[in-house]
Amino acid sequence: MKLQFPCDPDFAGLISSETFSAVLENSPSFIALVQANGRIISLNQPGCALVGFKSADDAIRRELNEITELTSRNWWTDQVGEEATRNNRWIGETKFQNLADGTEIPVQVSAFAVKDSSGKAIYFVLIARDLRDEKKLMSRLSILQKAIDSSNEGIVISELKGKDAPVIYVNAAFTKITGYTLEEAYGRDCRFLQGDPNQPNLVRVRSAIKNQAPIRALLKNQKKDGKEFWNELSLAPVKDEFGSTTHYIGVQRDVSQERMTKDKLFQETQRMQLVLSTIEFAIFEWDLVTKKVIWDGQMYHLHRVRRSEFPDPVPGLVARLHPEDRERIRTLTKDVIAGKTVPSTTYRILTDEREVRHIRIQARSVRDKDGRTTQLIGVAWDVTQEMRAQETIKEQQAKIESSARLAALGEMAGGVAHEINNPLAIISAYMDRLRESAVIGTVDQEELLFCVNKVTHTISRITGIIKGLRRVSRDGTDDPFEPTTTGAMIRDSLAVFSEKARSAGIKLEIGGDLETPLDCRVVQISQVITNLVSNAIHAVQSVPVRWVKLMVEEKDSEIFIRVSDSGPGVPAHLREKIFQPFFTTKEVGKGTGLGLSISTSVVRDHRGELSYDATAPHSCFVVRLPKNQPTNKAKAA
């Protein structure tokens, strides 16, 4: 039997049925002979396996509609058979259904009409190709394409042709970074982005391309508009099944901003290191999770220990720590680990030469996403000279305050002589009176008691004067806080001035809440009151109406002691200066200019305030003190 395939170049000529049968059986594709009505005449074994027939005999005389997916059942009768007859062939896609397991199989079908000598189609040859693997591959490629297109990094693919590698693909990110579209980049050599041709990293890139090896390099490239940008390029060759490079895939990332930030950070780091080296700052890190402490070289230098001897710096610190500071630092360490505080303190170390050095540390915390402190980063520096300078200043200040007290004593010396001489004269007079009565033998018991009471009262007056002088002259800086009353303290202070005020025609008045209890260093607050009263007496000596008043007022947890006088007051332009050291409004030789400055410091140490009340009708200084102070301590908190 001879079969003719007219007008089809792929099947031109005549072939024997034996040859056609050999093709049917040896082809891996679905090949069937079908009548015009869609009935199967013959089906090869791969075709039977594809659609679920047990054998070729099982397929004969079955309809194509039986193996066609439900929605495509009429594809042969409605379209394919007629078109294949008219055009001798039909090529398209449909879906078969495996009769054994119901699986849908996408296929590409080629249908060829076999006609007799009169041109009538006597049967058709169907060749179907299973598209399942191809569909999966296309789906995977589609996903990859979407991933590439949505990437934030520029991707460029070039094809290796001879010595050149023209671009065949770029993604949207490449266009965004460089300004070049796929149409503009297509077919061009990758060197069109090169920029400076003398970049050191270009030598590495060219060498990698020559050796068909992957490379990652930082290049300065050029955009379409001529602007330069830093490109972090990753270049990898793509090889075929024979190991030959066919393409290159380049991934580029614009790191210009990152590079600028790194450069700026580097510059800032350089400046910081310069500053730290100049002022000898040291840096430490403390990991609160692992309990590990890291020191830089300067920290070892500050603590006078060698890194080789103490790779873990904690033992080195403990070995050098001053015994008096160990318990405090141990407590601080526990508080830091418990998250209660961040260290900011000063401690002392002892060198091998038994020299005391003072180290100050300041740290900042690093927190995790839950807000917990996980790390401390801090600096340390040597403040030995600063501490020694403070000690020197403290010693000098003590000497100055002592000189001020002595100056005040000298200023009051004349008045003190009157204060004591007058009571002594009274005592002498009463004793003469008793002596005369004893000589004539007429001592009256009532008169004796009268004279003794007068003498006792006068002696108490002298005792008060001496007590006041002792308070003015003594240094009470290290005295503990003790309870007293404002009235007792004020009366003792005024005893020093009572005779001086009386002789100058100055009226001294006290009033208010005099029995209010108060915690203070009695000597120091007495010296403050004495200084303010002394200034007030000096201020009113040249005015017609002369008085000095001390009023005590209690408000909530505070005491207010107001010292006012009838003098002219402090001019507005001098009110800011009167509390400064060595500033005085008195004549030369009449004052040191330290009284108000020292008094301000004393009141501040008591957690209070000394101020001038500019709203008062007369000159008025106000001492504000808390009623309660930390007790049994040499220093206020």
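Residues numbered from 1 in each chain as written. Predicted model: local features only at pLDDT ≥ 70, side-chain atom pairs only at ≥ 80, totals over all residues. Heavy atoms only, no water.

S.K.: With reference to specific residues and values, describe the overall build of the protein chain.
M.R.: Counting its regular elements, the protein chain contains 18 helices and 24 strands. Counting the 637 residues in the protein chain, one finds 37% classified as buried. Within the protein chain, counting contacts between residues at least 6 apart in sequence, those at least 24 apart form 52% of the total. For the protein chain, the accessible area works out to roughly 36700 Å², and carbon and sulfur atoms hold 53% of it. (Helix = DSSP H or I, 4+ residues; strand = E, 2+ residues; numbered from the N terminus. Buried < 20%, exposed > 50% of the residue type's maximum accessible area, 1.4 Å probe, protein only. Contact = heavy atoms within 4.5 Å. Areas by Shrake-Rupley, 256 points an atom, 1.4 Å probe, with all protein chains shown as cover.)

S.K.: So what about the sheet that holds strand β24 (residues 619-626)? Which residues, and what values?
M.R.: Spatially, the five strands line up as an open sheet ordered β19-β21-β22-β24-β23, and their pairing is mixed. Where the open sheet ends on each side, the last strands, each with one partner, are β19 (507-512) and β23 (609-612). Looking at each pair of strands side by side, their axes are set apart by 15° on average, direction ignored. With eight bridges connecting them, strand β21 (residues 547-555) and strand β22 (residues 558-565) associate as antiparallel partners. (Pairing = 2+ DSSP bridges. Axes fitted to C-alpha atoms, helices over the stretch in contact; angles between N-to-C directions.)

S.K.: Let's hear about the sheet that holds strand β11 (residues 228-239): which residues, and what values?
M.R.: The strand order across the open sheet formed by five strands is β9-β8-β12-β11-β10, and the pairing between neighbours is antiparallel. Each having just a single partner strand, β9 (167-170) and β10 (215-222) make up the two edges of the open sheet. Taken over all neighbouring pairs, the strand axes of this sheet differ in orientation by 25° on average, direction set aside. Across six bridges, strand β8 (residues 154-159) lies against strand β12 (residues 245-254) in antiparallel orientation.

S.K.: Give a description of the side chain of R357 that names residues and reports values.
M.R.: Take R357: it is sitting in strand β16 (residues 356-367). With relative accessibility at 11%, the residue R357 sits in the buried group. Looking at R357, its side chain comes within polar contact range of the side chain of E355, at 2.7 Å. A distance of 2.9 Å separates polar atoms of two side chains, one belonging to R357 and the other to D382. Among residues more than four places away in sequence, those in contact with R357 are R304, Y347, R348, I349, T351, D382, T384 and R388. (Polar contact = N/O pair within 3.5 Å; in protein donor to acceptor, adjacent residues only side chain to side chain.)

S.K.: Describe the pattern of salt bridges, listing the residues and the values that go with them.
M.R.: By the definition in use, this model includes 36 salt bridges. A salt bridge links R259 to D263; its shortest N-O distance comes to 3.5 Å. Taken as a pair, R259 and D263 lie in helix α9 (residues 256-279) at a separation of four residues, close to a single helical turn. Judged by its relative accessible area of 34%, D263 falls in the partly exposed class. What you see here is one network of salt bridges that share partners, running through E153, R216, E232, R253 and E258. (Salt bridge = Lys/Arg side-chain N within 4 Å of Asp/Glu carboxyl O.)

S.K.: Quick rundown of the nonpolar core? Include the residues and the values.
M.R.: Formed by 37 residues in total, the largest nonpolar core has its most connected members in I529, L532, L550 and V623. Those elements that place two or more of their residues in this core are α15 (486-494), β20 (517-520), α17 (522-540), β21, β22, α18 (595-605), β23 and β24. Element by element, the count of residues in this core is highest for α17, at nine residues. Once residues lying within four places of it in the same chain are set aside, the contact partners of V623 are V528, L532, I559, F560, I561, V603, E609 and L610. Residues L50, L64, A121 and L126 belong to the second largest nonpolar core, which totals 27 residues. (Core = buried A, V, L, I, M, F, W, Y, C linked by side-chain atoms within 4.5 Å.)

S.K.: Give a detailed account of the packing of α15 against α17, specifying residues and quantitative values.
M.R.: It is at 9 Å that the axes of α15 and α17 come closest, and there the two elements cross at 55°. Our classification of the angle between α15 and α17 gives oblique. Crossing handedness for the pair α15 and α17: right-handed. Contacts between α15 and α17 pair M489, I490, S493 and L494 from the former with V522, I525, S526, I529, T530 and V533 from the latter. Split by residue class, the contact of α15 with α17 holds seven nonpolar, three polar and no charged. (Parallel < 35°, antiparallel > 145°, perpendicular 65-115°, else oblique. Left-handed = near helix turned anticlockwise from the far one by under 90°. Nonpolar A, V, L, I, M, F, W, Y, C, P; charged D, E, K, R; others polar.)

S.K.: Can you explain the pairing of β8? Please cite residues and give values.
M.R.: Burial analysis of β8 places five of its six residues in the buried class, which makes it a mostly covered element. As paired elements, β8 and β9 share three bridges and run antiparallel to each other. Each bridged residue has a counterpart across the sheet, and for S158 the counterpart in β9 is V167.

S.K.: Describe the packing of aromatic side chains, listing the residues and the values that go with them.
M.R.: Enumeration over the complete set of coordinates arrives at six aromatic pairs. Ring geometry for W295 against Y300: centres 5.2 Å apart, planes inclined by 70°, an arrangement best described as edge-to-face. By the burial criterion, W295 is buried, and Y300 matches it. Ring geometry for Y612 versus F621: centroids 5.1 Å apart, planes at 70°, classification edge-to-face. Of the residues examined, Y612 reaches a relative accessible area of 16% and is grouped as buried. Residue class for F621 comes out buried when judged on its relative accessible area of 12%. The aromatic ring of W547 is capped on one face by K549, whose charged end is 4.6 Å from the ring centroid. (Phe/Tyr/Trp six-rings, centres within 6.5 Å; stacked < 30°, edge-to-face > 60°. Lys NZ or Arg CZ within 6 Å of the ring centre and 35° of its normal.)

S.K.: Requested: an account of the pairing of β21, with residues and values cited.
M.R.: Strand direction decides the pairing type here: β19 and β21, joined by six bridges, are parallel. Across the sheet, the residue bridging to L508 is V548, located in β21. Connecting the antiparallel pair β21 and β22 is a turn made up of two residues, with D556 showing a positive phi of about 55°.

S.K.: Give me the lowdown on the environment of G119, citing residues and values where you can.
M.R.: Along the polypeptide, G119 turns up in the loop between β6 (104-115) and β7 (121-130). The class for G119 is partly exposed, based on a relative accessible area of 38%. Sequence spacing of G119 and T85 is 34 residues, and the spatial spacing of their C-alpha atoms is 9.4 Å.

Nothing here speaks to function; it is all geometry.
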